[in-house]
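Secondary and tertiary structure notes
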Amino acid sequence: MRSKPGKYGMKVWCLSCVDCDYVCNLQVYTGKKDKQSEKGQGKRIVNDLIEPFIFTGREVTTDNFFTSTELAEELWEKNIMLTGTVRHNKKELPPEFVASKGRMPGSILIGYREPCVLTSYIDGKKKKPVIILTINNNVTTTDQDNKPNVVLHYNATKGAVDSGDFVTRKTNCVRKTKVWTKKLAMELISIACLNSSCLFRLKYPEFHRGDKRWRSLFLQELCDELIYNNVNDRLLCQSTSAALRNDLQRFSGRHLRTYVTIKCTYCTSSVLDNNRCHICASRACSDHLDEITVYVCYSCSKKKTINISFTKPSIKRLRCQRCSMDRKTQRRCCNISVTNVQWREN
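Residues numbered from 1 in each chain as written. Predicted model: local features only at pLDDT ≥ 70, side-chain atom pairs only at ≥ 80, totals over all residues. Heavy atoms only, no water.

The protein chain is annotated in an unreviewed UniProt entry as PiggyBac transposable element-derived protein domain-containing protein of Aedes aegypti.

Following this line, the structure appears as structure tokens:
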């Protein structure tokens with residue numbers, strides 16, 4: 001679109017809230033179907049986007065690409081009101097509403113056809129008339145400057161989609177890529193971040209009030225919260241370098257949270273959460289964990305992973321999970337030992 005902020009890229013049709021720019025519904029434009037131009041595309045898009053909101057008495061504001069009398073009549077049957085500008089080349093428009101010759105600046109023409117109201121207004125700065133189609137009869141009056149209220153109403157409600165697009169371009173999650181699927185996923189994440197910031201601001205209106213950078217600050221805190229659990233997991237990893245560990249600790253300190261270090265049951269060494277005894281489930285370091293050798297039968301040894309259950313807390317006798325043959329630890333079954341074993345306690 002030539003008049004829009006972004007001339008190139010992927011096109012996404014959006015339905016946004018006027019009050020907070022929240023994207024209520026969207027649809028990705030995937031191009032022509034069967035290499036043929038679609039007739040009535042604007043009407044079809046509006047009907048698809050407002051499908052979750054039919055029979056709710058809401059109002060939709062559209063530009064001249066979508067607005068038509070057919071769309072207005074269909075929305076009226078669904079209890080949805082419409083306000084939007086109309087292109088001058090529409091066949092259903094009377095010639096008197098399109099022509100500007102012989103009309104004075106500030107002149108108004110109003111036409112009625114149930115349930116639509118058509119308004120043609122010539123502004124003092126423009127030569128061509130502004131044609132607005134509406135179903136809301138409450139905006140057909142004029143103000144003190146002899147300007148129709150429908151024009152003021154349209155100007156007040158037309159910029160939700162453009163405002164949201166402007167915000168997502170300034171604070172987005174897009175990275176440079178040549179893969180269109182990744183590009184689309186990043187754009188959807190940016191829209192999700194926009195929606196989350198709108199909901200957060202409605203619940204916490206005092207969040208950085210008066211600061212123009214409040215949305216960027218919100219995204220920064222959102223990113224910190226999303227990676228906080230992963231940072232704590234890296235702090236437990238024994239292979240983490242000292243420099244990286246210091247950076248992670250400084251990051252955790254910003255949240256004023258203390259991470260609980262897991263200690264060995266028999267000493268003061270730090271251990272990982274998965275370093276547990278398979279019998280009593282107590283945490284222990286590598287110095288206090290003993291490895292045992294397990295002997296299984298020939299048929300069970302062909303499996304890569306074997307589940308072995310203990311008959312008693314002590315491991316004097318073992319039972320093969322597959323063939324249920326009891327064997328003592330001192331005896332071998334077919335003289336084959338397996339080291340890749342998963343344990344399961346009874």
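Side note on the overall build of the protein chain
Note the threshold: By definition, any uninterrupted DSSP run of H or I lasting at least four residues is a helix, any uninterrupted run of E lasting at least two residues is a strand, and each is numbered from the N terminus. Residue exposure (1.4 Å probe, protein chains only): buried if accessible area is under 20% of the type maximum, exposed if over 50%, otherwise partly exposed. Throughout, a residue-residue contact means that at least one pair of heavy atoms, one from each residue, lies within 4.5 Å. With residues, only the protein chains shown are counted as cover, and all accessible areas are computed by Shrake-Rupley using a 1.4 Å probe.
Helix and strand content of the protein chain: eight helices and 13 strands. In the protein chain, buried positions account for 31% of the 346 residues. Sequence-distant contacts, at least 24 apart, represent 44% of the contacts inside the protein chain between residues at least 6 apart. Working note: accessible area of the protein chain is about 23500 Å², and carbon and sulfur atoms make up 51% of it.

Some remarks on the sheet that holds strand 6 (residues 116-121)
Strands pair in a sheet through their backbones, by hydrogen bonds, and they do so in one of two ways: parallel or antiparallel. Heads up, the rule is: Note: two strands are recorded as paired if DSSP finds a minimum of 2 bridges between them. Axes, fitted as lines to C-alpha atoms, cover a helix only where it is in contact. Angles between the N-to-C directions of the axes lie from 0 to 180 degrees.
Pairing in this open sheet of five strands is mixed, and the strands run 3-4-7-6-5 from one edge to the other. Strands with a single pairing partner mark the edges of an open sheet, and in this sheet they are strand 3 (59-62) and strand 5 (108-113). Shown here is a sheet whose adjacent strand axes are inclined to one another by a mean of 15 degrees, direction ignored. Sheet topology places strand 4 (residues 81-85) next to strand 7 (residues 130-134); three bridges connect them, and they run antiparallel.

A look at the packing of aromatic side chains
We count it as follows: Between 30 and 60 degrees the pair is tilted, below 30 it is stacked and above 60 it is edge-to-face, where a pair is any two Phe, Tyr or Trp rings, Trp via its six-membered ring, whose centres lie within 6.5 Å.
Counting across every chain of the model gives seven aromatic pairs. A centroid spacing of 5.0 Å and a plane angle of 90 degrees characterise the contact between Phe-65 and Phe-66, whose relative ring orientation is edge-to-face. Given a relative accessible area of 31%, Phe-65 falls into the partly exposed group. Look at Phe-66 and you get buried, because its relative accessible area is 15%. Between Phe-200 and Tyr-204 the ring centres are 4.9 Å apart and the planes differ by 40 degrees, which places this aromatic pair in the tilted class.

What about the nonpolar core?
Put simply, the rule reads: Definition used in this section: a nonpolar core is a set of buried Ala, Val, Leu, Ile, Met, Phe, Trp, Tyr and Cys residues joined via side-chain atoms within 4.5 Å.
In this structure, Val-46, Ile-50, Ala-72, Leu-75, Leu-82, Leu-118 and Leu-133 are the most contacted members of the largest nonpolar core, which totals 21 residues. Breaking this core down by element, the ones donating at least two residues are strand 1 (12-16), helix 1 (41-49), helix 2 (69-77), strand 6 and strand 7. Leave out the neighbours within four places in its chain, and Leu-118 touches Leu-93, Pro-94, Phe-97, Leu-109, Ile-110, Gly-111, Ile-131, Ile-132 and Leu-133.

Topic: the pairing of strand 7
Most of strand 7 sits out of view: four of its five residues are buried. Pairing of strand 6 with strand 7 involves five bridges; the strand directions are antiparallel. The partner of Tyr-121 across the bridge, within strand 7, is Val-130.

Considerations on the pattern of salt bridges
The cut-off we apply is this: Whenever Lys or Arg places a side-chain nitrogen within 4 Å of a carboxyl oxygen from Asp or Glu, that contact is recorded as a salt bridge.
Considering all chains together, one arrives at nine salt bridges under this definition. Ionic pairing is found between Glu-38 and Arg-44, a salt bridge with its closest N-O pair at 2.9 Å. Where Asp-48 meets Arg-44, a salt bridge forms, and the shortest distance between an N and an O atom there is 3.2 Å. With a gap of four residues between them, Asp-48 and Arg-44 both fall in helix 1, about one helical turn apart.

Observations regarding helix 7 (residues 214-236)
Short version of the rule: A helix is expected to reach a length of 1.5 Å times the quantity of its residues less one. Note on bend: the value at a residue is the angle between axes fitted to the seven residues ending there and to the seven starting there.
Between the first and last C-alpha of helix 7 there are 33 Å, a value that for 23 residues agrees with the 33 Å anticipated at 1.5 Å per step. At Ile-227, helix 7 shows its largest kink, close to 45 degrees.

Quick notes on the side chain of Gln-41
Inspection of the secondary structure assignment puts Gln-41 in helix 1. In contact with Gln-41, other than residues within four places in its own chain, are Trp-13, Tyr-29 and Phe-65.

Here's the deal with unusual backbone geometry
The step from Glu-114 to Pro-115 runs through a cis peptide bond, and the omega angle for that step is 5 degrees. Although it is not a glycine, Asp-21 adopts a positive phi angle of roughly 65 degrees. Considering the arrangement of structural elements, one finds Asp-21 in the loop between strand 1 and strand 2 (23-28). The class for Asp-21 is buried, based on a relative accessible area of 14%. For Phe-55, which is not glycine, the phi torsion reads 60 degrees and is therefore positive. Relative to the helices and strands, Phe-55 resides in the loop between helix 1 and strand 3.

Some thoughts on the environment of Ser-269
Considering the arrangement of structural elements, one finds Ser-269 in the loop between helix 8 (242-253) and strand 8 (294-295). Through-space distance from the C-alpha of Ser-269 to that of Ser-286 is 9.5 Å; in sequence the pair is 17 residues apart. Not counting residues within four places of it along the chain, the set of residues in contact with Ser-269 comprises Ile-262, Lys-263, Cys-264 and Cys-285.

Some thoughts on the side chain of Thr-168
Its location among the elements puts Thr-168 in helix 5 (residues 160-170). You can call Thr-168 buried: its relative accessible area is 12%.

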